[in-house]
Amino acid sequence: MTTRVGLCVAIVGATIALGTWRIDTPVAEAAFQAPTQPGGRGRPGDAPAPARRSGEGQGPFKKLVIRSVTLIDGTGGPPMSPMDIVIEGNRITSIRQAGWPGLPQQPNREPRDAEFEIDGKGMYVMPGFVDMHVHGSTAGKAPDLGYAYKLWLAHGVTTVRGVSLSSAETSSSEKNRSARNEIVAPRIVNYQTLGSGWSDGPVTSVEKARAWVRWAAANNIDGIKFFNRGDETPEIDAAAIDEAHKNKMGTVAHLSQNNVAMFNARQAGDAHLDTVTHYYGHFESLLKDKTIQDFPVGYDYNNEQDRFGDIARIWNQTYEPGSQQWVEYLEHQKANHVNFDPTFNIYAASRDLMRARNADWHQTYTMPQLWNYFQSTRDNHGSYFYDWTTENEVAWKNFYQRFMRLINDYKNMGGRVTTGTDSGFIWKTYGFAYIEELELLREAGFSPLEVIRSATMWGAKTLYEPKGEAPPMGVVKNGMLADLVIVGENPLSNLKVLYGTGHMRLNPQTNRQERVGGVKYTIKDGIVYDAPKLLAEVAAAVAEQKRTMKPATTSQP
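Cut-offs used in this document
Numbering of residues starts from 1 in each chain and follows the order in which that chain's sequence is written. This being a predicted model, a pLDDT of at least 70 is required before a residue's local features are given, and a value of 80 or more before pairs of side-chain atoms are given or counted; all residues contribute to the totals for chains, interfaces and linings. Hydrogens and water are ignored here; the side-chain numbers use all heavy atoms of the structure. Under the DSSP-based scheme used, a helix requires at least four consecutive residues in state H or I and a strand at least two consecutive residues in state E, with every element numbered from the N terminus. We compute the radius of gyration from the C-alpha atoms alone; for a globule the expected value is 2.2 Å times N to the 0.38, where N is the number of residues. Whether two residues are in contact is decided by their heavy atoms, any of which lying within 4.5 Å being enough. Each accessible area is a Shrake-Rupley result for a 1.4 Å probe, and residues are judged covered by the shown protein chains and nothing else. The cut-offs for exposure are 20% and 50% of the maximum accessible area for each residue type, with area from a 1.4 Å probe on protein chains only; residues under the lower value are buried, those over the upper are exposed, and the others partly exposed. Strands pair, by our definition, only if DSSP identifies at least two bridges between them. For this analysis, a salt bridge means a side-chain nitrogen from Lys or Arg found within 4 Å of a carboxyl oxygen belonging to Asp or Glu. Here the term right-handed applies to a crossover when the path leading from its first strand over the helix to its second strand runs clockwise, the strands being oriented away from the viewer. Every axis in this analysis is a line fitted to C-alpha atoms, fitted for helices over the stretch in contact. Angles between the N-to-C directions lie between 0 and 180 degrees. Roughly parallel covers angles under 35 degrees, roughly antiparallel covers those over 145, roughly perpendicular covers 65 to 115, and oblique covers all other angles. Crossings are classed by handedness, with left-handed meaning an anticlockwise turn of the near helix from the far one by less than a right angle and right-handed meaning a clockwise turn. In this classification, the charged set is Asp, Glu, Lys and Arg, the nonpolar set is Ala, Val, Leu, Ile, Met, Phe, Trp, Tyr, Cys and Pro, and all remaining amino acids, among them Gly, are polar. Note on terminology: a nonpolar core comprises buried Ala, Val, Leu, Ile, Met, Phe, Trp, Tyr and Cys residues joined through side-chain atoms within 4.5 Å. Only rings of Phe, Tyr and Trp enter the pairing, Trp through its six-membered ring, and a pair is recorded when the two centres are within 6.5 Å. The plane angle decides the type: under 30 degrees is stacked, over 60 is edge-to-face, the rest tilted. One number per residue, pLDDT, summarises how confident the predictor is, and it ranges from 0 to 100.

Enquirer: Honestly, the overall build of the protein in this entry has me stumped. Any pointers?
Expert: The helix and strand tally for the protein stands at 16 helices and 20 strands. Taken over C-alpha atoms, the radius of gyration comes to 23 Å for the protein, in line with the 24 Å a tight globule of 557 residues would show. Seen along its three principal axes, the alpha-carbon backbone of the protein occupies a region of about 70 × 55 × 50 Å. Considering only contacts within the protein whose residues lie at least 6 apart along the sequence, 77% involve residues at least 24 apart. Accessible surface computed for the protein: about 21600 Å², of which carbon and sulfur atoms make up 49%.

Below, the structure written as structure tokens:
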């Protein structure tokens, strides 16, 4: 029997105010213990996602047809409509033109034996989005990892690269559970930091670095996240990168200030690092009059307002955009096939704190634990706005002009730029931050089609190239995995329609604003998820957490 699904719109209207909250139960109190790893990233004790229940997603189906949709295929090619897309199991098996724009479409067209159909007339379909930089909704931020998973899926994200998602053991388990569709979650690619998961202690030598990489490759770890600090030295990192490639593993680095004077982005590229994430290392490779950033007297890296407040002041210590040195740096990185993953969104609060703190989604979709974590404090990583001034924001705005120019110039000369978020810190809520990242790529100078390509095909290629494999997703074509996102508004004309909170538009007939947009369906591995339903479930979970917690104060920014 064929089930036909039309346009489904669900607006969740929870209006519970967010203050600062505390939890009274012993189990929940454990969520607020100090992190055991720098930055509060994944660690033992993170709660896995609950098992997928009956009714959470439909499919996969023997045959699923999406009818009369406008296709944005992820390659950079222009939209095409009307198109019928046929999915069998978890694979796309046919993409057919269903008629001509503006003309009636033939009724009862093949295939007529679909088990499930989606009426896509007036909708747009894209490849599922790839988030190249995630950490899970860890203890102290949400009850379990499923919170982030549902928000990612609700925003069309069907693949995430955890760097790391959680501890090595938990990340491996969650990766496998997602692959079997036992949980409601995107595909999980498991990157870990050097030494994570094994019993042989910290990696303190080249020999141990190579040994850990071989152990990781045999233990369901797909790649390495470097932090360029602590026990990591340029020699250790270079050896680990080399060993990773021998074992078909990927590499990505946050080139922190601790060791960047010895190992900047240019040097990491020469060591054949696959991806530079964030901005770290780029501008240290472009310093004009010095070889080390000119930090102010009294600077203390462990004081996070110093760390994040003063890094932006590097913007006027570098060679000018478009200069010979600027262009040569980018050409050098392109020759080394280095990917740039800028994660613009995660530091965007630094240039406009008020906007980030008062984002539309916080009341309904930000867990109270996560809200607490965001508050300025000296012992939560990324909560560094101790006394954030106009001068701080101006420095960051100037920095962003150069950072965005660097990324756009790299894209224009043929370098690859991917899309990542790093949510769960600095006022960024899972899922919503991904759409903000798309908007920031647009602000940087990417055309809308270039934005979608970075979010889909380029992310997929970056994940699978180290394996020596063609990516099985990332574009919409025959034979690819059925990972898709379907929206009711044209994202190329307004990326805001991808936010779970939608976009406000004045209706000329009623002279009132209406909320439009939001992802309608996310298809992962042939399973159809109703995105508004996922958001409603998250909103209910957030409301329940607030109900069981007592506000420590009624203040709210």
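Enquirer: Help me understand the pairing of strand β11 (residues 223-226), please; the structure alone is not making it clear to me.
Expert: Two faces belong to every sheet, and in a regular strand the side chains alternate between them. Residues of β11 alternate between two faces, with Gly 223 and Lys 225 on one and Ile 224 and Phe 226 on the opposite face, all of them buried. Summarising the sheet, strand β10 (residues 187-193) and β11 pair through three bridges and their orientation is parallel. Each residue of the ladder has a partner; that of Gln 192, found in β11, is Ile 224. In this sheet, strand β12 (residues 250-253) lies alongside β11 in parallel orientation, the contact comprising four bridges.

Enquirer: I tried to follow the pattern of salt bridges on my own but got confused; where do I start?
Expert: Pairs can form between side chains of opposite charge whenever their charged atoms are close. Counted by the stated rule, this structure contains 30 salt bridges. In this structure, Asp 84 and Arg 67 form a salt bridge, with 3.1 Å as the shortest nitrogen-oxygen distance. Of this pair, Asp 84 sits in strand β4 (residues 80-89) while Arg 67 is found in strand β3 (residues 61-71), placing the two residues 17 residues apart along the sequence. Across this residue pair, the class does not change: Asp 84 and Arg 67 are buried. As a salt-bridge pair, Arg 112 and Glu 110 come within 2.8 Å of each other at their nearest N and O atoms.

Enquirer: Explanation requested: the pairing of β10 in the structure shown.
Expert: Across the seven residues of β10, seven count as buried, placing the element largely inside the fold. The alternating pattern of β10 places Arg 187, Val 189, Tyr 191 and Thr 193 and Ile 188, Asn 190 and Gln 192 on opposite faces, both of which are buried. Strand direction decides the pairing type here: strand β9 (residues 157-163) and β10, joined by five bridges, are parallel. The residue bridging Arg 161 from the neighbouring strand is Val 189, located in β10. In the classification by handedness, the crossover that spans β10, the intervening helix α4 (residues 206-217) and the parallel β11 is right-handed.

Enquirer: Got a minute to help me understand the packing of helix α8 (residues 324-335) against helix α12 (residues 390-412) in this structure?
Expert: Packed helices, taken two at a time, are described by their axes: the angle between them and the distance between them. Where α8 meets α12, the closest approach of the two axes is 10 Å, and the angle between their N-to-C directions is 50 degrees. Regarding the angle of α8 to α12, the classification is oblique. Where α8 crosses over α12, the two elements pack in a sense that is right-handed. Contacts between α8 and α12 involve Trp 326, Tyr 329, Leu 330, Gln 333 and Lys 334 from the former and Arg 402, Arg 405, Leu 406, Asp 409 and Tyr 410 from the latter. When the residues that make up the contact of α8 with α12 are grouped by side-chain class, the tally is five nonpolar, one polar and four charged.

Enquirer: Just checking my understanding: could you explain the nonpolar core for this structure?
Expert: Core analysis: the biggest nonpolar cluster contains 118 residues, and Phe 129 and Tyr 347 have the highest contact counts within it. For this core, the element with the most residues is α12, which contributes nine residues. Not counting chain neighbours up to four residues away, the residues in contact with Tyr 347 comprise His 278, Tyr 279, Tyr 280, Phe 308, Tyr 384, Trp 396, Tyr 400 and Ile 426. Met 83, Ile 87, Val 475 and Ile 523 belong to the second-largest nonpolar core, a separate cluster that totals 24 residues.

Enquirer: Help me understand helix α14 (residues 448-455) in this model?
Expert: Note on helix geometry: an α-helix contains 3.6 residues per turn, so any two residues three or four positions apart are oriented the same way. Of all eight residues in α14, six are buried, a share of seventy percent or more. Among the residues of α14, those classed as buried are Pro 448, Val 451, Ile 452, Arg 453, Ser 454 and Ala 455. The inward-facing, buried residues of α14 abut β7 (124-127), β8 (129-134), α13 (432-444) and α15 (457-464).

Enquirer: Can you help me understand the packing of aromatic side chains in this one?
Expert: Here a ring pair, both rings aromatic, is described through the centre-centre distance and the interplanar angle of the planes. As enumerated under the stated definition, the model contains 36 aromatic pairs in all. Here Tyr 279 and Phe 399 contribute two aromatic rings whose centre-to-centre distance is 5.1 Å and whose plane-to-plane angle is 80 degrees, an arrangement assigned as edge-to-face. With Tyr 279 in the loop between β13 (275-277) and α7 (304-311) and Phe 399 in helix α12, this pair connects stretches of sequence that are 120 residues apart. The residues Tyr 279 and Phe 399 share a single accessibility class, namely buried.

Enquirer: I tried to follow the side chain of Thr 159 on my own but got confused; where do I start?
Expert: Tracing the backbone through its elements, the reader meets Thr 159 in strand β9. Beyond its immediate sequence surroundings of up to four residues, Thr 159 is in contact with Phe 129, Val 130, Asp 131, Pro 186, Arg 187, Val 189, Leu 463, Met 473 and Asp 483.

Enquirer: Looking at this structure, how should I read the packing of helix α2 (residues 146-154) against helix α16 (residues 531-547)?
Expert: Look at α2 against α16: their axes get within 8 Å of each other, and the N-to-C directions meet at 150 degrees. By the criterion of interaxial angle, the relationship of α2 to α16 is roughly antiparallel. When you trace α2 past α16, the crossing you get is left-handed. Residues Tyr 147, Lys 150, Leu 151, Leu 153 and Ala 154 of α2 pack against Ala 531, Leu 534, Leu 535, Glu 537, Val 538 and Val 542 of α16. Considering only residue class, the contact of α2 with α16 consists of nine nonpolar, no polar and two charged.

Enquirer: Got a minute to help me understand the sheet that holds strand β14 (residues 339-341) in this structure?
Expert: Backbone-to-backbone hydrogen bonds pair the strands of a sheet. The strands run either parallel or antiparallel. Strand order in this open sheet of seven strands is β8-β9-β10-β11-β12-β13-β14, and the pairing throughout is parallel. Only two strands of the sheet have a single partner each, and these edge strands are β8 and β14. Pairwise comparison of adjacent strand axes, ignoring direction, gives a mean angle of 25 degrees for this sheet. Of the strands in this sheet, β8, β9 and β10 touch α2, which is tilted by about 135 degrees from β9.

Enquirer: Hey, could you run me through unusual backbone geometry in this one?
Expert: Trans peptide bonds make up most of the peptide bonds, and negative phi angles are found at most residues other than glycine. A cis amide bond, omega -15 degrees, links Ser 81 with the succeeding residue Pro 82. With a phi angle near 55 degrees, Asn 108 is a residue other than glycine that sits in the positive phi range. One can find Asn 108 in the loop between β5 (91-97) and β6 (116-119). Although it is not a glycine, His 272 adopts a positive phi angle of roughly 70 degrees. The topology assignment puts His 272 in the loop between α6 (265-270) and β13.

Enquirer: Would you explain the confidence of the model for the protein in this entry?
Expert: Interpretation of this model should avoid reading the predicted coordinates in detail wherever pLDDT is low. Put simply, the protein has an average pLDDT of 92, and 91% of its residues get 70 or more. This stretch, residues 1-18, has a pLDDT under 50; its non-local contacts, to residues over four places away or in other chains, come to 47 contacts. With pLDDT under 50 throughout, residues 22-41 is counted as low confidence; its partners more than four residues away or in other chains account for 34 contacts.

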